[in-house]
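Structural description and commentary
Below, each chain spelled out in residue letters.
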Amino acid sequence: MSTEYEAVIGLEIHVQLSTRTKMFCGCELSFGDDPNVHTCPVCLALPGVLPVTNAQAIEYALQIGAALDCELSPVSTFDRKNYFYPDNPKAYQITQAARPFAENGRLGEVRIHHAHLEEDAAKTIHTGGGGRIKGSDASEVDFNRGGTPLVEIVTEPDLRSGAQVREWGQLLRATIKQLGVSDVNMEEGSLRCDANISIRPAGSDTLGTKTELKNMNSFRFIERGIEAEIARQKEVVSSGGEVEQETLHFDPATGELHSLRSKEEAHDYRYLPEPDLVPVVPTEAMLEAARNSLPELPAARAARYEQLGVSEQAALLLSFETEWAGFFEGVLEADDTIEPRVAANWVTGEFAAELRKLDDQPLAESRVAPESLATLIGLVASKKISHGAGKTVLEEMVSSGADPAAVVAEKGLEQISDSGELEKIVIQAIEDNPKPAEQIRGGNEKAIGALVGAVMKATQGRADGGEVNRLLRQHLGL
Amino acid sequence: MGDIELIAASGAETAAKIANGEVSADEVLDFWLQRASGDALNGYLWSADRESARDGVDPDGGAIAGVPLAIKDIFCTEGVPTTAASKILGGYIPPYTATSVRNTRAAGLPMLGKTNMDEFAMGSSNENSAYGPSLNPWDTDRVPGGSSGGSAAVVAGGLAPWALGTDTGGSIRQPAGFCGIVGLKPTYGAISRFGMIAFASSLDQCGPLTRDVTDAALLLDVLQGRDDYDSTSVGIDGDVKAPTAERLDGLTFGVPRGLMSEGIEAGVLARFEETLIRIAELGGEIVDIELPHAGHAISAYYVLAPAEASTNLQRYDGVRYGLRASDEDLLAMYEVTREDGFGPEVKRRIMLGTYALSSGFYDAYYGRAQRVRTRIVEDFDRAFGKVDFVVTPTSPTVAFKLGEKTADPWTMYLSDIFTVPISLAGIPAISIPAGLAEPDGGGPELPVGFQIAAPAFAEQKLIEASFALEQAIGFDGSAGLAGGVR
Ligand SMILES: [Zn+2]
């Protein structure tokens, strides 16, 4: 019998802080500007310069530490991490290796080992030769990004699958986004994720040799990359081999994994306490401010929505996106008789689907206000219009911004409330469709769908489904 | 007034002559530019003209405005070559000016030129300059000391009234001692390091090299202060004032005899003992003290300083500025540039430091050296609980001959045995001339330095005591002043 393996995954997430200036100099942060316009002697590492720590970066970092439920260090220090590369002009990166600003936290089911502050590297572009340094004609360096403040979040190896990493990663991204301290845009690189992956016999508590999967620019790719790597490791081990420590790149286009470097090629970073910087010693007031600045974070919000009766899936969808949560709460505020569960289903279901149809129109650009959606939901809930008619009205609202009541009136969608009129239509439908009527009488109740459809067609969806059903059964003698 | 009078005048005396109209600031500048142009000591790596000397200088800068200053070539000066005496920075022109230099310009001091030094301040003889050694004006067969050898030589040799230097393990005090002038290393953090090319960041400190103690005080006052561009700078509380003390009554001077057991030249020791007698005559008390760990200072220093240097000097990679000796590929650019650009002593220290920081060796070397440093700090704390000052010879010998110690780095390193413990402790110390002495091997008499160290930020007290002692010693530096030009 073959052994069952489980994967053990830890993450290192780099978050670019959206401070006004760089980590250790006064250059403004930018994205998409001409190369090398946001530079100065400090971030170009000219002779004689010294770094000075950005106070706003410390403030933002402490907020992240607080949001991840970490212990915020009373003293944290900087170190030099030494390696030669053109994107690293000092040939050392200033980071916090020995004493990070935050430790021992948790987000959801994943423990946070620590979070530390550091500076981002510049951007190297190899021209010619397929974008790799080997065989390229030239390498060009853009120092605009060099020195951008980063918070690196390092988790404990608490994750077990690619799907779990994707879901947790989305929670982390939503959490940091809500703090307003980073754009957390993976395509632009303001959020970057590396995964350390190993496998072990299920139930064992040892750790296998891990590989590192580098820098993928969406959580979907991370999920796929991790699954591919887990499969590769399982195959290596079950065919009698050993997993080797290496750094890998996942190509989402081909689904293949490439080795970037092996253990032998690993750097000796020769860490050194940074003598040019004094320790970071947050005052009690700074720590207090960081804790008090926390908005309601996604995990807490999702729990609150579930308590209101919203389904788990809708609660998560709403919580991860601040503006959707705001819209949902706007609907509830506009009409407090609407059940939260019903409102959540409309917002995350029909309404979201209509926006997608409009070329993925962002919520912020939508012509539908929470108040009008509340009006529509009210019309359906009070049976003024049927659910089906409600969808028709919503489509019109989303495309033209029209008032729901006006659409109902204009299109004559008001539900047929006169049961005498509806009864005539029901009787007519049974007469027109003798075959299904016969089947139903013979005990095949499923065939009633055909008669309901006929009634709806005849009423143009203006009939209440429950009432139609009741009348059909009555006239069929069920 | 006569030229000789101006050559021999201190900075303060020259400033007074300008103030009372005896001579104009223009005349003073022209005079010193003329003197500097006759440099026979290879003291200057770059000399200013009238225009560049005044660049950024506030003519109404204050009490010492108009007295020109020589600046060690380790300070970045916008628009003016700055090489740290290294080939790797040959022709490099910085786009900004060091805070300390800006402060001297704000005080009205024109820049005479950039002075020679050991490459990246690594050395005790100036022989590690990529541009040839600077020479000692007292005897041009001898070294001026290092690393601020050019600054010491031009001040002692009558090629500048005063100069800026930097001190990491003795680089201001030792050359001041060798050349018979005053050299002050302030408390770490007293003066901004921004724009000072880094050797060992936790030790480097800017300071003045001057004709006398009063000038050292005046320059320190201009230089010191907290700088937003250097987060390790704190400045000194209050102004530094020109000294007036005549007596040393009630002050105690500790002598670490344990550190002075061997290797000190007879002449150096004789001047040291005489100076102790002068102190007693002025009312000061001499007591023996212990600095139990100071004997390990050189070993610790030659781990810590190279470790920091090895990372500080990684930026010289041929990518952005300075020498690019190859662009064959990235590795060649790094390797050939650094191979060609750095001199042997710099390479030795980069390798020492790289080794000391390597994974698996860090604790045995860097960690242990840090612990020694902590012990030395505690030694001084304990000593200053009992005494006001700690005194030693500045160096165990007078200036040695060019080439005498280049073959044996360890012997060279030992010439800093009295200055390095103070650097590790981060406290201020001054070297003042204590007279002349024959070298052990015989020959003409050469200056001997006397070092006085004080607790952190006790610069004013240090300056007052040094001034009283300086007046009592009455050192005559005129033989040196005559040696600067051919
Ligand atoms: Zn910058």
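Cut-off values and rules
- Residues numbered from 1 in each chain as written.
- Chains lettered and ligands numbered in written order.
- Predicted model: local features only at pLDDT ≥ 70, side-chain atom pairs only at ≥ 80, totals over all residues.
- Heavy atoms only, no water.
- Helix = DSSP H or I, 4+ residues; strand = E, 2+ residues; numbered from the N terminus.
- Rg over C-alpha atoms; globule rule 2.2 N^0.38 Å.
- Buried < 20%, exposed > 50% of the residue type's maximum accessible area, 1.4 Å probe, protein only.
- Contact = heavy atoms within 4.5 Å.
- Areas by Shrake-Rupley, 256 points an atom, 1.4 Å probe, with all protein chains shown as cover.
- Expected span 1.5 Å × (residues − 1).
- Buried area = accessible area lost by both parts, 1.4 Å probe.
- Salt bridge = Lys/Arg side-chain N within 4 Å of Asp/Glu carboxyl O.
- Polar contact = N/O pair within 3.5 Å; in protein donor to acceptor, adjacent residues only side chain to side chain.
- Nonpolar A, V, L, I, M, F, W, Y, C, P; charged D, E, K, R; others polar.
- pLDDT = per-residue confidence, 0-100.
- Pairing = 2+ DSSP bridges.
- Axes fitted to C-alpha atoms, helices over the stretch in contact; angles between N-to-C directions.
- Donors = N, O, S within 2.8 Å, 3.2 Å for Na, K, Ca; no water.
- Tetrahedral: all angles 85-135°; square planar, octahedral: opposite > 155°, others 65-115°.
- Parallel < 35°, antiparallel > 145°, perpendicular 65-115°, else oblique.
- Left-handed = near helix turned anticlockwise from the far one by under 90°.
- Domains from an automatic or database assignment.
- Right-handed = clockwise from strand over helix to strand, strands pointing away.
- Phe/Tyr/Trp six-rings, centres within 6.5 Å; stacked < 30°, edge-to-face > 60°.
- Lys NZ or Arg CZ within 6 Å of the ring centre and 35° of its normal.
- Patch = residues over 30% accessible without salt bridge, like charges linked within 9 Å, V, L, I, M, F, W, Y side chains within 5 Å.

**Quick word on the overall build of chain A**
Within chain A, the regular secondary structure consists of 15 helices and 14 strands. Relative to a compact globule of 478 residues, whose C-alpha radius of gyration would be 23 Å, chain A shows 30 Å and is clearly more extended. Overall size of chain A, expressed as C-alpha extent along the three principal axes, is 95 × 60 × 45 Å. For chain A, buried positions account for 49% of its 478 residues. Within chain A, counting contacts between residues at least 6 apart in sequence, those at least 24 apart form 68% of the total. A total of about 22,500 Å² of accessible surface is found on chain A, and carbon and sulfur atoms cover 48% of it.

**Notes on helix 13 (residues 363-386) of chain B**
Taking 1.5 Å per residue, 24 residues should reach 34 Å; helix 13 of chain B reaches 34 Å between its end C-alpha atoms and fits that length. Among all positions of helix 13 of chain B, only B:Y366, B:G367, B:A369, B:R373, B:I376, B:D379, B:F380, B:A383 and B:F384 are buried. On the buried face of helix 13 of chain B, the contacting elements are strand 14 (272-273) of chain A together with helix 10 (297-312), helix 12 (344-356), strand 9 (389-393), helix 15 (420-425) and strand 11 (446-453) of chain B.

**Remarks on the interface of chain B and chain A**
Quoted interface sizes are often the accessible area lost when the parts come together. Counting from both sides, the interface comprises 38 residues of chain B and, opposite them, 31 residues of chain A. For the pair chain B and chain A, the summed buried surface comes to about 2,800 Å²; carbon and sulfur atoms form 60% of the total. Taken together, chain B and chain A are joined by one salt bridge. Applying the counting criterion to the chain B and chain A interface returns 18 residue pairs in polar contact (both at pLDDT 80 or more). Secondary structure elements with two or more residues in the side of chain B that touches chain A: helix 10 and helix 11 (330-341) of chain B. Here the residues of the side of chain B that touches chain A are counted per class, giving 18 nonpolar, 12 polar and eight charged.

**Topic: the confidence of the model for chain B**
On average, residues of chain B score 96 in pLDDT, and 99% of them are at 70 or above. Here the prediction assigns the complex a pTM of 0.87, and the interface score ipTM is 0.96.

**A closer look at the sheet that holds strand 3 (residues 111-115) of chain B**
Residues and elements named next belong to chain B. In space, the 11 strands of this open sheet follow the order 1-3-2-4-6-5-10-11-9-7-8, with mixed pairing throughout. Lying at the two open borders of the sheet, with one neighbouring strand each, are strand 1 (44-47) and strand 8 (285-288). For this sheet, the mean angle separating the axes of adjacent strands, direction not counted, is 30 degrees. Note: strand 5 (residues 182-185) against strand 6 (residues 205-210), two bridges, orientation antiparallel. If you follow G183 over to strand 6, its bridge partner there is L209.

**Observations regarding the coordination of the zinc ion**
Residues and elements named next belong to chain A. Only C25 (SG), C27 (SG), C40 (SG) and C43 (SG) from the protein reach the zinc ion as donors, at distances of 2.3 to 2.4 Å. Classification of the site at the zinc ion as tetrahedral follows from its four donor atoms and the range of 101 to 114 degrees in their angles at the metal. Read in sequence order, the donor residues for the zinc ion give the motif C-x1-C-x12-C-x2-C. Remark: C43 occurs in the loop between strand 1 (5-16) and helix 1 (55-67) and C27 occurs in the loop between strand 1 and helix 1; sequence separation between them is 16 residues. Accessibility classification places C27 together with C43 in one group, the buried group.

**Looking at the packing of helix 2 (residues 162-179) of chain A against helix 3 (residues 219-238) of chain A**
All names here are of chain A. Where helix 2 contacts helix 3, the two axes come as close as 8 Å, and the packing angle between them is 155 degrees. One finds that helix 2 runs roughly antiparallel with respect to helix 3. Two packed elements cross with a definite hand, and for helix 2 against helix 3 that hand is right-handed. Of the residues in helix 3, those in contact with G162, A163, V165, R166, G169, Q170 and R173 of helix 2 are F219, R220, I222, E223, I226 and E227.

**Comments concerning the domain arrangement of chain A**
Examined at the domain level, chain A breaks down into domain 1 (5-291), domain 2 (296-411) and domain 3 (419-475). If you average the C-alpha positions of domain 2 of chain A and of domain 3 of chain A, the two centres end up 31 Å apart.

**Considerations on the pairing of strand 8 of chain B**
Residues and elements named next belong to chain B. Relative to strand 8, strand 7 (residues 252-255) runs parallel, the two sharing four bridges. Bridging across to strand 8, T252 finds its partner in E285. Remark: the strand 7/helix 9 (residues 266-281)/strand 8 crossover connection has right-handed handedness.

**Digging into the packing of helix 12 (residues 419-432) of chain A against helix 14 (residues 448-459) of chain A**
All names here are of chain A. Closest axis-to-axis distance for the helix 12/helix 14 pair is 9 Å, and the angle between their directions is 130 degrees. In terms of their interaxial angle, helix 12 and helix 14 are classed as oblique. Crossing handedness for the pair helix 12 and helix 14: right-handed. Of the residues in helix 14, those in contact with L422, I425, V426, A429 and I430 of helix 12 are L451, A454, V455, A458 and T459. A class-by-class count of the residues in the contact of helix 12 with helix 14 yields nine nonpolar, one polar and no charged.

**Brief notes about the packing of aromatic side chains**
Any aromatic ring pair is given by two values, namely how distant the centres are and how the planes are angled relative to each other. With the rule as written, the count across this model stands at 27 aromatic pairs over all chains. In this structure an aromatic cluster arises from ring pairing among B:Y92, B:F120, B:Y316, B:Y321 and B:F342. Above the plane of the ring of A:Y269 lies A:K81, whose end atom (NZ or CZ) is 4.4 Å from the centre. Taking NZ or CZ as reference, B:K461 lies 5.7 Å from the ring centre of B:F389, over its face.

**Some points on the environment of B:S10**
With respect to the helices and strands, B:S10 occurs in the loop between helix 1 (3-8) and helix 2 (11-19). Separated by 205 residues in the primary sequence, B:S10 and B:D215 have C-alpha atoms spaced 7.0 Å apart.

**So, a nonpolar patch on the surface**
There is a patch of nonpolar side chains on the surface, built from B:Y355, B:F361 and B:Y365 and spanning about 270 Å² of accessible area. For B:Y355, a relative accessible area of 41% translates into the label partly exposed.

**Topic: helix 9 of chain B**
All names here are of chain B. Under the 1.5 Å per step criterion, the end-to-end length of helix 9 is 23 Å for 16 residues, consistent within 8% with the ideal 22 Å. Listed as buried for helix 9 are G267, V268, R271, F272, T275, L276 and I279. The elements touched by buried residues of helix 9 are strand 7, strand 8, strand 9, strand 10 (429-437), strand 11 and helix 16 (459-473). With its phi angle positive at about 100 degrees, G283 sits one or two positions after the end of helix 9.

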